[in-house]
Amino acid sequence: QVQLVESGGGLVQAGGSLRLSCAASESISSDSIMGWYQQAPGKQRDLVATITSGGTTNYADSVKGRFTISRDNAKSTVYLQMNSLKPEDTSIYYCMLYPFGSLKTHWGQGTQVTVSS
């Protein structure tokens, strides 16, 4: 069972930056997609950004131009650089890993990001 450990959340003022990290507990040997989702209280979990092991990225429209996703395949780690943060970015951010061909999507425990106005 792969464990995903997130770090980097916190409290920041609007316009500020944060960098989230998510490390898998074991090497990801197969092609995979990793990414970040956000979930505010009482709302569904929504896509923020994803990246394949080949480097193909996908972003939610609301974060394009502000957030950048990257990954280090050797470390089985994915990052989310968040710039120009807005109060509406406040949410719990969850790391996701889906190894292609797997029957299971893995999730981290979530990290809180709070942006004050």
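For the structure, see preceding data.
How each quantity is defined
Residues numbered from 1 in each chain as written. Predicted model: local features only at pLDDT ≥ 70, side-chain atom pairs only at ≥ 80, totals over all residues. Heavy atoms only, no water. Helix = DSSP H or I, 4+ residues; strand = E, 2+ residues; numbered from the N terminus. Rg over C-alpha atoms; globule rule 2.2 N^0.38 Å. Buried < 20%, exposed > 50% of the residue type's maximum accessible area, 1.4 Å probe, protein only. Areas by Shrake-Rupley, 256 points an atom, 1.4 Å probe, with all protein chains shown as cover. Lys, Arg positive; Asp, Glu negative; His and termini not counted. Charge placed at Lys NZ, Arg CZ, Asp CG, Glu CD. Disulfide = S-S within 2.5 Å.

(A) Highlighting the overall build of the protein chain. Summing up its helical and strand segments, the protein chain has zero helices and 11 strands in all. Listing each helix as α and each strand as β along the protein chain from the N terminus yields β-β-β-β-β-β-β-β-β-β-β. Computed over C-alpha atoms, the radius of gyration of the protein chain comes to 14 Å, within 12% of the 13 Å expected from 2.2 N^0.38 for 117 residues, which places it in the range of a compact globule. With the C-alpha coordinates of the protein chain rotated into their principal frame, the extents come out at 40 × 25 × 20 Å. Classification of the 117 residues of the protein chain by burial places 44% in the buried group. For the protein chain, the computed accessible surface area is about 6100 Å², with 48% contributed by carbon and sulfur atoms. Counting 9 positive and 8 negative side-chain charges, the protein chain places the centres of these two groups 2 Å from one another.

(B) Examining the state of the cysteines more closely. For the structure on display, the rule yields one disulfide. Each sulfur of the disulfide joining Cys22 and Cys95 lies 2.0 Å from the other. Taking the torsion about the sulfur-sulfur bond, which here is approximately -80 degrees, the covalent link between Cys22 and Cys95 counts as left-handed. Here the residue Cys22 occupies a position in strand 3 (residues 18–24), and Cys95 occupies one in strand 9 (residues 91–99), the gap between them amounting to 73 residues. Of the two residues, Cys22 and Cys95, both sit in the buried class.

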